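Notes for the structure review
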Amino acid sequence: MTGRSGGLTAPRMIGQQKNLERLHDGCQRCAAAALSAQSSFVREKDDTACSRTVVNVMALCICTQEAVKLMQEKNINDGQIIHISSMGGHRLPANMPGANFYCGTKFMVKALTEGLRRELKALKSHIRIGSISPGMVETEFFDHFLKNDPTRKASDLFSSMKALQSDDIAESVLYILRAPPHVEVHDILVRPYDQAL
Ligand SMILES: NC(=O)c1ccc[n+]([C@@H]2O[C@H](COP(=O)([O-])OP(=O)(O)OC[C@H]3O[C@@H](n4cnc5c(N)ncnc54)[C@H](OP(=O)(O)O)[C@@H]3O)[C@@H](O)[C@H]2O)c1
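Residues numbered from 1 in each chain as written. Predicted model: local features only at pLDDT ≥ 70, side-chain atom pairs only at ≥ 80, totals over all residues.

Section: the overall build of the protein chain
- Along the protein chain, the regular secondary structure elements total seven helices and three strands.
- Order of helices (α) and strands (β) in the protein chain, N terminus to C terminus: α-α-α-β-α-β-α-α-α-β.
- Taken across its 197 residues, the protein chain has 25% of its residues classed as buried.
- Long-range contacts, defined here as pairs at least 24 residues apart, represent 71% of the contacts in the protein chain between residues at least 6 apart. (Helix = DSSP H or I, 4+ residues; strand = E, 2+ residues; numbered from the N terminus. Buried ≥ 20, exposed ≤ 12 C-beta atoms within 10 Å, placed from the backbone. Contact = placed C-beta atoms within 7 Å.)

Here we look at the nonpolar core
- Residues A49, C50, V54, V55, V57, M58, A59, L60 and V109 constitute the largest nonpolar core, which totals nine residues.
- Element by element, the count of residues in this core is highest for helix 3 (residues 46-73), at eight residues.
- Other than its neighbours up to four places away in sequence, V109 contacts V57, L60, H83, S85, G89 and S131.
- Ranked by size, the runner-up nonpolar core spans five residues in total, among them I81, I129, I132 and I176. (Core = buried A, V, L, I, M, F, W, Y, C linked by C-beta atoms within 7 Å.)

Things to note about unusual backbone geometry
- The phi dihedral of N75 falls on the positive side, at around 55°, and the residue is not glycine.
- Locating N75 in the fold gives a position in the loop between helix 3 and strand 1 (80-84).
- Taking the C-beta count within 10 Å as the criterion, N75 has 6 such neighbours and is therefore assigned exposed.

Section: helix 4 (residues 100-122)
- For helix 4, spanning 23 residues, the distance from its first C-alpha to its last is 33 Å, which sits close to the expected 33 Å at 1.5 Å a residue.
- Within helix 4 the residues assigned to the buried category are Y102, G104, T105, K106, V109 and T113.
- The first or second residue beyond helix 4 is K124, which carries a positive phi of 55°. (Expected span 1.5 Å × (residues − 1).)

Some thoughts on the sheet that holds strand 2 (residues 128-134)
- Ordered by their spatial adjacency, three strands build an open sheet running 1-2-3, and the pairing between neighbours is parallel. The outermost strands of the open sheet, each flanked by one partner alone, are strand 1 and strand 3 (187-190). The average undirected angle you get between the axes of adjacent strands in this sheet is 15°.
- Bridge count for strand 1 against strand 2 is five bridges, and the pairing is parallel. Looking across to strand 2, one finds that I82 is bridged to G130.
- In this fold helix 7 (residues 166-178) packs onto strand 1, strand 2 and strand 3, with an angle of close to 160° to the strand it touches most, strand 2. (Pairing = 2+ DSSP bridges. Axes fitted to C-alpha atoms, helices over the stretch in contact; angles between N-to-C directions.)

A look at the pairing of strand 2
- With seven of seven residues buried, strand 2 lies mostly within the body of the structure.
- The alternating pattern of strand 2 places R128, G130, I132 and P134 on one face and I129, S131 and S133 on the opposite face, and all of these are buried.

With respect to the environment of M58
- Topologically, M58 is positioned in helix 3.
- Residue M58 is classed as buried on the basis of its C-beta count, with 23 C-beta atoms lying within 10 Å.

Observations concerning the confidence of the model for the protein chain
- On average, residues of the protein chain carry a pLDDT of 81, and 77% of them reach 70 or more.
- No element of the protein chain has a lower mean pLDDT than helix 2 (residues 20-36), which averages 40, and none a higher one than strand 3, which averages 98.
- Below a pLDDT of 50 lies the segment residues 26-40, which in the model reaches 17 contacts outside its immediate sequence neighbourhood of four places, other chains included. (pLDDT = per-residue confidence, 0-100.)

Description of the environment of V185
- Position of V185 among the secondary structure elements: in the loop between helix 7 and strand 3.
- Between the C-alpha atom of V185 and that of I129, which follows or precedes it by 56 residues, the distance is 7.6 Å.
- Residues in contact with V185, not counting those within four places in the same chain, are G130, Y175, I176 and A179.

This is the structure in structure tokens:
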């Protein structure tokens, strides 16, 4: 499951969706939600807020719903869903005010993960749900995130500390997948050793 750190547009996601109407409806609802939050996020443009919410929240919801549906259709009762969240879904970072809205979407992922866990239990399903909440990972994320910031570059961040690598996150995925049936990993919080907050 993927997400948006910035810059990319919702229509790309829409182009990949077979169920256009559901995503479109979701976008309309997200626009309202973003507008209602505007006074708190003075620098977030409506269209950016909408597309970030669509990709980080709605796309995750739709992928999750489709995955559960597919597993149910194929009588798979021991599947595993993994939401990629963030340390930003647990706290606001100290030195990144521009991350406030992004973190809001990840707080929502946290609630949705717990909500899905409860729904699956209510359905008496053995499909398990878990999430991974990384701190700073060396990907293209910060290139997108800082693209309008003249004061900082992604390379500055990565030269200031040894960030997590994609393989470190892959290890967390494997840990979740290898868990025996009686173990449901709920969330893995993992940050670089040098990341203070
Ligand atoms: N890197 C970090 O420090 C960090 C920390 C915490 C959490 N995360 C989370 O980890 C996840 C993956 O991020 P990453 O670090 O791998 O970032 P990334 O290198 O920027 O990759 C983002 C991925 O999302 C895809 N994507 C973005 N917008 C899309 C759209 N509108 N439609 C379809 N695909 C779209 C991109 O596709 P293309 O390759 O086609 O552009 C890319 O594969 C995200 O959920 C992010 O919030 C990252």
